[in-house]
Amino acid sequence: MSSRILLVNPPFYRLLGSHYNANSLGIAYIASYLNRNGHDAWVYNADYVNQREYAELREIFDSFVNYTEYFKNENDPIWEEVTQKIIDFKPEWVGYTSYTANITAIDILSRKVKSMNPQVKQVIGGVHATLDGLVLDSVKAIDFAVRREGEEALLALVEGQDPLKISGVISRDGAGFCNNGDAEVIKSIDDLPFPEREKLYGISNEEKAYVDVSYICSIRGCPYRCNYCASPFHWKRDKTQYRSPESVISEMKYVKENYWNTKKEYDFSASANTKSKEILKIKDNTIVYFVDDVFTIKKPRVKEILRKMIDQDLGMDWKCEARTDHFDEEICELMAKAGCVRVKLGFETGSDRILKEIQKDETKEDMRRGVKMLKDAGVPFTGYFMTGFPGETDADLRETIDFAKEIEADYYSLSVMAPYYGTKIYYDLMDRGFKLDKKPWEYFYHQTGDMMVNDTLSKEMVDEFLDLNKLNDSGKGYV
Ligand code: B12
Ligand code: SF4
C-alpha cells in the first residue's frame, strides 16, 4: 500500500536572517527511493524563502543572538507556519533531516505536529541522528531514529516491517530504546535513483523554477580522519563509496537537460532594493555543486570523470571540495578544461605543528605545491582557514595569517574552530573535562565565540585573523 511521506529540512538559515533555497540531497535521495517503490514522498525545505538574495556569511554569524531567541519562544510564527504546512500535507509519515545545529528545531516542530495529529509517525535521520545513539532522548515526540543511510531503513519502516528487526533503526522500547546499530552501507550507489527534484512541497511552480537542484553527490564518505570533522563518524570511513564516472556524467546531463536555464543569472549587488545589506552573487542552476567531502579522491576515477566532461562537451560549470595533495598537473589542467569554476580547499592552518595535531595528513609544502599547480592551470579557489584549535598559540596563528596571504586565494572563509558534536576533537575535549555536552544543540555551528575552546590565543591575533576577510574585497568573490 502506498504511503504519503513528507521529508523535512527544518529552518536554520532563516533563523539567522538568511535562507537556504537549494535541494537537500539526503532527503531528496530518500524521497526518490520511496517514490521508485510506489510511495508518495515529497521534500519540504522549510528553510526556503522566496528571495534570491543571500546574506553575507559574516552577517549570518552576527545574527547569533536573534537566532537563539527563536528557540526560547516555541510559539514564534515560524514554528507555527512550518507545523501548519506539515499538517496540511496530511502525511502518514514525517521524516526530518538532522544536523546537530537543528536538533532543537526538530524537537519543537515534532512536538507540535504530534499534538495536532497524534496518528502521524515521525522519524529523524541524517548526521546528528547517526552520531548520537541517544537522540530520541532529545526529541521526545519522534518515534524512530535512523543511523547512516536512510533509503532502505525508511522504506522498510513505511512498508510496515518490524522496526526491531530493521538495521539502522532505533525505536522506543518502554522507557529505553532498541538500537539496531548502523544501516548497512549501500554498496551499489550507482543503482540508486537520482535524488528527487520534482516533488518539492510548499512552494509554487514558479518558485520551484528557482530552487537550485544542481547539487550532485558522487561519493558517500571520506577516508581521511581530520579531528575537527564529523565525516569520519558520520560515514563508515573504511567503506567510502564512489559512483562510477558514467553514472556521474549521466546525472550531470540529466540536470542540464531538465533544469538548466543558462540565461538565469542573478547579481543583486547593484540592485536598488539591497539597501545596506551585503549580498552574495548566486547563480542558481548554472553551476553544479559536487557536495562530496573530497571530490578528488581516487585520481584515476577523477581523471576519467573530467575527461568525460570534456569529451562529451558538457559545457557545464561546476565547483567542488578538494585536497591540495591530490593535485598533479594533469588533474589541474583537466579541471580547468572541464569547467571547474571554484575549488574549495581546507588549509585550516599555516602551522605544520597544528596540521599534525589535527590529523590533516597534509603538510604546508603539499599545500604550496598544490596551490601552485592549480594557479598555473587557472582554476579559482576558496581558502578555508580556522583558528582556535586546542593548544594553538599566537605564533601558530601568525603562521596561518602569513600563509593565508601567501597563497592569494580568490576568496577566504575564516572560522573560529567549534568542536562539533561527533568529531574526535569533541570527544577528546570531553575526556579532558570540557562541558561541551552542556551547550544547547543550536550552538553547534561555527564562528560563535561561545564555542571557543582555546584560551592561549590573544584577542588581537584572533581579530587580525578575522580581518583577513578584507582580502575578499579585492578577490574574485564567493561562488
Ligand atoms: C552540502 C552540505 C551542506 C549544504 C546543504 C545542507 C542541506 N540542508 O542540504 C549547506 C552549505 C547549506 C550546509 C550547511 C551546514 N552544514 Co553542512 N554539509 C554538507 C555536506 C558537504 C553534504 C551533505 C549532503 O548532501 N550529503 C549527501 C547525502 C546523500 O547524505 P546525507 O545528507 O547525510 O543523507 C543521508 C543520511 O544521512 C540519511 N539521512 C539524511 N536525512 C535523513 C532523514 C531521514 C528521515 C532519514 C531516515 C535518513 C536521513 O540518509 C541520506 C541518504 O542516504 C555534509 C558533509 C557530507 N559529505 O555529508 C556537510 C555537513 C552535513 N554539514 C555540517 C555542518 C556543520 C553544517 C552547518 C552547521 C555549517 C554552518 N556553520 O553553517 C550548516 C547547518 C545547516 C542546517 N540546515 O542545519 C556537518 C554536520 C556536523 C554535525 N554534527 O551536525 C557536515 C557533516 C560536515 C562535516 N564533515 O563536519 N551543509
Ligand atoms: S575535513 Fe575533509 S578530508 Fe578531513 S575528514 Fe573531513 S571531509 Fe575528510
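Reading the values: the criteria
Residues numbered from 1 in each chain as written. Chains lettered and ligands numbered in written order. Predicted model: local features only at pLDDT ≥ 70, side-chain atom pairs only at ≥ 80, totals over all residues. Heavy atoms only, no water. Helix = DSSP H or I, 4+ residues; strand = E, 2+ residues; numbered from the N terminus. Contact = heavy atoms within 4.5 Å. Areas by Shrake-Rupley, 256 points an atom, 1.4 Å probe, with all protein chains shown as cover. 1 Å grid on protein atoms, 1.4 Å probe; cavity = no way out; pocket = protein on both sides within 12 Å on 5 of 7 lines; lining within 4 Å. Points joined across faces, edges and corners; volume = space filled by probe spheres on them. Near = heavy atom within 4 Å. Polar contact = N/O pair within 3.5 Å; in protein donor to acceptor, adjacent residues only side chain to side chain. Nonpolar A, V, L, I, M, F, W, Y, C, P; charged D, E, K, R; others polar. Expected span 1.5 Å × (residues − 1). Buried < 20%, exposed > 50% of the residue type's maximum accessible area, 1.4 Å probe, protein only. Arc of directions from axis to C-beta. Axes fitted to C-alpha atoms, helices over the stretch in contact; angles between N-to-C directions. Parallel < 35°, antiparallel > 145°, perpendicular 65-115°, else oblique. Left-handed = near helix turned anticlockwise from the far one by under 90°. Right-handed = clockwise from strand over helix to strand, strands pointing away. Salt bridge = Lys/Arg side-chain N within 4 Å of Asp/Glu carboxyl O.

A. Geometry of the overall build of the chain. A count of helices and strands for the chain gives 18 helices and 16 strands. Principal-axis analysis of the C-alpha atoms gives the chain an extent of 60 × 55 × 50 Å. Sequence separation of 24 or more characterises 76% of the internal contacts of the chain that already satisfy a separation of 6 or more. Only carbon and sulfur atoms are counted for the fraction: they give 48% of the accessible area of the chain, which is about 20300 Å².

B. How the structure looks around empty space enclosed by the protein. One pass over the structure, following the stated rule, counts four cavities of 30 Å³ or more. Counted as a void, the largest cavity has a volume near 90 Å³. Taken together, Asn-21, Ala-22, Asn-23, Ser-24, Val-43, Tyr-44, Asn-45, Tyr-48, Leu-200, Tyr-201, Ile-203 and Val-211 make up the full set of residues lining the largest cavity. Looking at the lining of the largest cavity, the elements that each hand over two or more residues are strand S2 (40–45) and strand S8 (200–201). In terms of residue count, S2 provides more of the lining of the largest cavity than any other element does, three residues in total.

C. Quick peek at the site of ligand 1. Close contacts around ligand 1 come from 38 residues, with Thr-97, Tyr-99, Thr-100, Glu-151 and Asp-293 the closest. Contact distances for ligand 1 include 3.2 Å between an oxygen atom and a side-chain N or O atom of His-234. At 2.7 Å, a side-chain N or O of Asp-293 approaches a nitrogen atom of ligand 1. The set of elements that each furnish at least two residues to the shell around ligand 1 consists of helix H1 (25–36), strand S3 (93–98), strand S4 (121–126), helix H6 (127–131) and helix H10 (231–234). In terms of residue count, the dominant contributor to the shell around ligand 1 is H1 (five residues). Residue composition of the shell around ligand 1, by class: 20 nonpolar, 13 polar and five charged.

D. Focus on the side chain of Glu-207. Within the secondary structure, Glu-207 is located in helix H9 (residues 205–208). A polar contact of 2.7 Å, which involves the side chain of Glu-207, links it to the backbone nitrogen of Ser-204. Apart from the residues within four sequence positions on either side, Glu-207 is in contact with Tyr-48 and Asn-50.

E. Representation of helix H16 (residues 394–407) within the structure. With 14 residues, H16 ought to run about 20 Å at 1.5 Å a step, and its terminal C-alpha atoms sit 20 Å apart, in line with that. Listed in full, the buried residues belonging to H16 are Asp-396, Leu-397, Thr-400, Ile-401, Phe-403, Ala-404 and Ile-407. Looking down the long axis of H16, one finds its buried residues gathered within 165° of arc, a one-sided arrangement. Looking at the buried positions of H16, the neighbouring elements they touch are strand S14 (340–348), helix H14 (352–357), helix H15 (364–377), strand S15 (381–387), strand S16 (411–416) and helix H18 (459–466). Just past H16, the residue Glu-408 takes up positive phi, approximately 45°.

F. Inspection of the site of ligand 2 at higher detail. Neighbouring ligand 2 are the residues Cys-222, Tyr-224, Arg-225, Cys-226, Tyr-228, Cys-229, Asp-293, Val-294 and Arg-323. Tallied by class, residues from the shell around ligand 2 come to six nonpolar, no polar and three charged.

G. Up close: the packing of H1 against helix H8 (residues 151–158). Direction vectors running N to C along H1 and H8 enclose 50°, while the axes themselves pass 9 Å from each other. If you check the angle between H1 and H8, you find them oblique. For the crossing formed where H1 meets H8, the hand is right-handed. Along the contact surface, H1 presents Tyr-29, Ile-30, Tyr-33 and Leu-34, while H8 presents Glu-151, Glu-152, Leu-154 and Leu-155. Looking at the contact of H1 with H8 residue by residue, the classes come out as six nonpolar, no polar and two charged.

H. Main features of H1. Between its terminal C-alpha atoms H1 stretches 16 Å, which fits the 16 Å expected from 12 residues at 1.5 Å a residue. Extensive coverage of H1 is indicated by the burial of 10 of its 12 residues. Within H1, burial applies to Leu-25, Ile-27, Ala-28, Tyr-29, Ile-30, Ala-31, Ser-32, Tyr-33, Leu-34 and Asn-35.

I. Here's a closer look at the pairing of strand S12 (residues 287–290). Both faces of S12 are covered, namely the face carrying Ile-287 and Tyr-289 and the face carrying Val-288 and Phe-290. Following the chain from S12 across helix H12 (residues 299–311) to the adjacent parallel strand S13 (residues 317–322), one finds a crossover that is right-handed.

J. Molecular detail of the pattern of salt bridges. The full count for this structure, using the stated rule, is 38 salt bridges. Glu-198 is the salt-bridge partner of Lys-208, the closest N and O atoms lying 3.2 Å from each other. Here Lys-208, found in helix H9, pairs with Glu-198, found in the loop between strand S7 (176–179) and S8; they are 10 residues apart in sequence, far enough to count as distant. Since its relative accessible area comes to 23%, Lys-208 is described here as partly exposed. Overall, Glu-198 belongs to the partly exposed group, its relative accessible area being 40%. Overlapping salt bridges, with partners in common, bring together Lys-299, Lys-303, Arg-307, Asp-328 and Glu-330 in one network.

Scope: geometric values only; no functional claims are made or implied.
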